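Spelled out from the first residue to the last, the chains are:
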Amino acid sequence: MKVKKAVIPVAGLGTRMLPATKVVPKEMLPLIDKPGIQYIVEEAVASGIEDILMITSRGKWTIEDHFDYAPEIEEKLKAAGKEDELAMIRSLANIANITFVRQKELKGLGHAIWCARRFTGDEPFAVLLGDDVMCAEIPVLKQLIDASDKFGASAVGVQYVGNEDIGKYCSLDVENIENNLYLVKSLIEKPEPEQVMSNFAILGRYVLTSGIYDVLGNLPPGYGGEIQLTDGLNKLCAREKMLAVEFSGKRYDTGNIKGYLEATIQFGLMHPEAGEWLRDYLKSLKL
Ligand code: UTP
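The structure presented is a predicted model; accordingly, all values stated were derived computationally and were not measured.

Caption draft 1: Examining the packing of aromatic side chains more closely. According to the stated counting rule, one finds five aromatic pairs in the structure shown. A network of ring pairs unites the aromatic residues Tyr39, Tyr252 and Phe267 as a single cluster.

Structure (structure tokens):
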């Protein structure tokens with residue numbers, strides 16, 4: 001399956017990061033010198049994606065501005081002869097074809113994806129959650145697209161989550177196909193301990209067929225009164241083949257304080273100018 005389109009839902013209110021996210025979208029909080037959403041768009045582009053639809057909501061306009069031209073800044077950089085910075089700011093606005101649609105009522109992730117149906121049409125498409133930032137040698141989305149292409153099926157990105165945390169995610173019933181690839185048999189969102197089917201949970205990356213719209217359009221609200229994407233996937237995997245790809249790489253949930261801090265430290269340590277300094281500074285703290 002050739003996947004050229006991606007959907008990035010960014011409509012959520014980010015209430016776990018208040019008051020930082022009262023006005024600033026959580027996706028725009030910086031991980032060192034880039035907002036989190038930029039890492040996600042860069043991962044999509046590095047995975048071969050050309051067209052991106054972001055599902056936004058009220059108050060998220062700074063995300064649109066971030067991927068637009070910035071004439072005043074560009075003028076100033078040009079006048080100062082700062083060619084590298086100018087090229088960087090320009091290329092950001094041309095990184096991909098990015099369009100936006102509003103989810104007018106926040107009815108859940110499943111509903112947010114349903115809002116993308118006109119954009120994707122009958123094509124398979126990728127989904128990258130707007131607050132799940134990855135650090136991986138091979139882009140995580142590319143790992144999913146390659147598996148999906150090989151088997152001609154939908155694919156979800158999974159990793160092992162400990163017993164103490166699996167109830168915050170979804171749990172999957174899977175059957176091994178080869179190495180890190182599994183066939184998905186069923187899924188449950190936010191399982192109670194007795195409902196856990198495995199410690200594999202989906203962490204923010206998907207490749208879906210348009211078949212998902214048939215199920216999402218008729219789905220009743222699930223956990224938390226929201227239209228849950230997991231419930232839609234549970235129906236979809238009964239109708240068509242779906243893979244779970246145990247991806248290589250580290251995922252950061254930047255929508256909560258600890259995950260945001262982990263990502264900030266990780267990207268700080270990897271930063272070409274600040275990395276070494278940060279390593280020495282952390283050592284000097286002698287905690
Ligand atoms: P989250 O539950 O992590 O985001 O949703 P949230 O609602 O902002 O979280 P709180 O308020 O801190 O608990 C996972 C993804 O689904 C998107 C979010 O933007 C995030 O990318 N989402 C969620 C929507 O786009 N629309 C919705 O109605 C719900």
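Caption draft 2: Spatial organisation of the site of the ligand. Among the 18 residues in the neighbourhood of the ligand, the closest are listed as Gly12, Gly14, Thr15, Lys26 and Gln103. Between an oxygen atom of the ligand and a main-chain N or O atom of Ala11, the distance comes to 3.2 Å. Asp131 places a side-chain nitrogen or oxygen 3.3 Å from an oxygen atom of the ligand. Coverage of the ligand by the protein amounts to 81% of the 580 Å² it exposes when considered alone. Broken down by class, the residue content of the shell around the ligand amounts to seven nonpolar, six polar and five charged.

Caption draft 3: Representation of the pairing of strand E9 (residues 170-178) in the model. Where E9 meets strand E10 (residues 181-189), eight bridges bridge the pair, whose relative direction is antiparallel. The residue of E10 that forms the bridge with Leu172 is Leu187. Taken together, E9 and the strand that follows it, E10, pair antiparallel across an intervening segment of two residues, in which Asn179 is found at a positive phi of about 35°.

Caption draft 4: Region of interest: the sheet that holds strand E11 (residues 200-208). Spatially, E5-E4-E1-E6-E11-E8-E12-E10-E9 is the arrangement adopted by the nine strands of the open sheet, whose pairing is mixed. The open sheet has two edge strands with one neighbour each: strand E5 (97-102) and E9. Taken pair by pair, the neighbouring strands of this sheet meet at an average axis angle of 30°, ignoring direction. Lying over the sheet, helix H7 (residues 140-151) contacts strand E6 (125-128), strand E8 (154-160), E9, E10, E11 and strand E12 (242-246), oriented at roughly 65° with respect to E11. Strands in contact with helix H9 (residues 229-239) are E8, E9, E10, E11 and E12; relative to E10, the strand with the most contacts, it is inclined by about 130°.

Rules of the game
- Residues numbered from 1 in each chain as written.
- Predicted model: local features only at pLDDT ≥ 70, side-chain atom pairs only at ≥ 80, totals over all residues.
- Heavy atoms only, no water.
- Phe/Tyr/Trp six-rings, centres within 6.5 Å; stacked < 30°, edge-to-face > 60°.
- Near = heavy atom within 4 Å.
- Polar contact = N/O pair within 3.5 Å; in protein donor to acceptor, adjacent residues only side chain to side chain.
- Areas by Shrake-Rupley, 256 points an atom, 1.4 Å probe, with all protein chains shown as cover.
- Nonpolar A, V, L, I, M, F, W, Y, C, P; charged D, E, K, R; others polar.
- Pairing = 2+ DSSP bridges.
- Helix = DSSP H or I, 4+ residues; strand = E, 2+ residues; numbered from the N terminus.
- Axes fitted to C-alpha atoms, helices over the stretch in contact; angles between N-to-C directions.
- Contact = heavy atoms within 4.5 Å.

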